[in-house]
Each structure stands twice: as structure tokens, then as C-alpha cells.
Amino acid sequence: MMSALTPGFAEPVSGAQACFRLVLDAMARPGQVHALGGVAAPAPLCDAAAAVVLTLLDHETPLWLDPEAEAAKAWIAFHTGAPITVDPARSMFALALSQSVMESWHGLPPGTDEAPETSATVILQVVSLTTGTDFVLEGPGMRAPETLTVDGLPPDFAAIWRRNHAQYPRGIDLILCAGNQIAALPRSVAVRKG
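Computed from a predicted model, the values in this text were never measured in an experiment.

1. Here we look at the sheet that holds strand 7 (residues 146-151)
Read across the sheet, 3 strands follow the order 7-6-10 without closing on themselves; strand pairing throughout is antiparallel. Both outer strands of the open sheet, strand 7 and strand 10 (190-193), are each paired with one neighbouring strand and no more. Direction aside, the axes of adjacent strands within the sheet are offset by 50° on average. Of the strand pairs in this sheet, strand 6 (residues 128-138) and strand 10 are connected by 4 bridges, and their pairing is antiparallel. Paired with Glu138 across the strands is Ala190, a residue of strand 10. Running over the sheet, helix 4 (residues 157-165) touches strand 6 and strand 10 and is turned about 165° from strand 10.

Set out below in C-alpha cells:
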């Protein structure tokens, strides 16, 4: 079974460090698209989603896994040691390959006013970060509104995000992954359709 698992980062230490810096930069500059490299993802994950998983998860970060990502479960467990939970309320991260997960965000921990850092972060694989629907982002980290183009979000994403943003400082943070690209939407950012 172990021989069927593909490698993680080609250069584990430098790959994870580079990815971590890009994730931090994406969170600090919402809506900007960043390219990752150095990992070959197992199906059905894209390279960016696999890199983010390898970088952010470890044995202390429970992961809720979208049933559509079940084929990558052994790879994730082997490379990260992250405990996989079936209860979204017990997760620190969620890996989603389907839009339907966004409709059930109420099951993920939004944090508390006293400890907003206990909220979940969703790693969502989408079709594209260069084509699709335009969203206008405003908030911390942006001198002026940013436009993010995404293919693969639900039609009512702006309304879903508005409800999430209204909970600030609580709420879910979102890392969007497509191919080898990522973009981030921290809960502090307001989003509307462009």
C-alpha cells in the first residue's frame, strides 16, 4: 500500500517553507493570485491544494475531508499525520472539492469572540483563478478594492461570504486552489460580485 503513495514536495523543507510564505502572502494580500510549485498531487487534488495541505497540516491539526477527496485520504494521512475527523465541528481545517461544502459551513468551527483563531480554515479546490465570475474584495490588506476572478464557486457565493464576514472577528478563512495557483479570502474581507 505504501508503495502506491506518490511523494510530497520534491524538496520537503524548502518546498514547505516556500509554500508557507506564499500562503501568508495570500492571506495578507487578499485576492492576489500566487503560483506554487514543487509537488505532484495525487488525484483528485490539484497541485496547489496538495501543497497547501502538506504545508499547513500536521498531527495536531484535525482535518475534515470532503467525501469527494476520499481518494487522497491515505496520501494526506501519510505525509501530514493529520487526524481525519468525520465531525466538521472538531476540525481546524477542511479540504473541499465541491461547492456544496460551502452551504454547510455552519458545521465548521467559526471560533469565538475571545479566541477567533480557533476557527476553521477551508482549503477549497476550484476550477480556475483566472476565468469565471469577478468578485470585488475590500478590507484589510488592500489599499484599493481588488478583483478576484474565480470559476467554481456557488452562484450565491457573495451572500454566503457576507454571512461569514458578518461574524468577524469570528468566521471561516478560505484558501482557493486551482491548478498550481492559490488565492486567499480571510474572514476580515468583504466580497461582492463584480
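2. Here's the deal with the pattern of salt bridges
Tallied over the entire structure, the rule returns 5 salt bridges. When the shortest N-O distance is used, the salt bridge between Asp173 and Arg187 registers 2.8 Å. Of this pair, Asp173 sits in strand 8 (residues 173-178) while Arg187 sits in the loop between strand 9 (181-185) and strand 10, and the two are 14 residues apart along the sequence. Accessibility assignment for this pair places Asp173 and Arg187 in one class, buried.

3. Points about the sheet that holds strand 2 (residues 63-65)
In space, the 7 strands of this open sheet follow the order 1-9-8-5-4-2-3, with mixed pairing throughout. This sheet does not close on itself; its edge strands, each paired only once, are strand 1 (34-35) and strand 3 (84-85). Pairing of strand 5 (residues 121-125) with strand 8 involves 5 bridges; the strand directions are parallel. Each bridged residue has a counterpart across the sheet, and for Gln125 the counterpart in strand 8 is Cys177. Against the sheet, helix 1 (residues 12-28) makes contact with strand 1, strand 8 and strand 9, and its axis sits at roughly 45° relative to strand 9, the strand it touches most. Sheet strands in contact with helix 3 (residues 73-80) are strand 2, strand 3 and strand 4 (93-96), and its direction is about 165° off that of strand 2.

4. Quick look at the state of the cysteines
The final tally for this structure, using the stated rule, is 0 disulfides. Summary of cysteine pairing: Cys46 is not part of a disulfide, and the nearest cysteine sulfur, belonging to Cys177, is at 5.3 Å.

Parameters at a glance
Residues numbered from 1 in each chain as written. Predicted model: local features only at pLDDT ≥ 70, side-chain atom pairs only at ≥ 80, totals over all residues. Heavy atoms only, no water. Pairing = 2+ DSSP bridges. Helix = DSSP H or I, 4+ residues; strand = E, 2+ residues; numbered from the N terminus. Axes fitted to C-alpha atoms, helices over the stretch in contact; angles between N-to-C directions. Contact = heavy atoms within 4.5 Å. Salt bridge = Lys/Arg side-chain N within 4 Å of Asp/Glu carboxyl O. Buried < 20%, exposed > 50% of the residue type's maximum accessible area, 1.4 Å probe, protein only. Disulfide = S-S within 2.5 Å.

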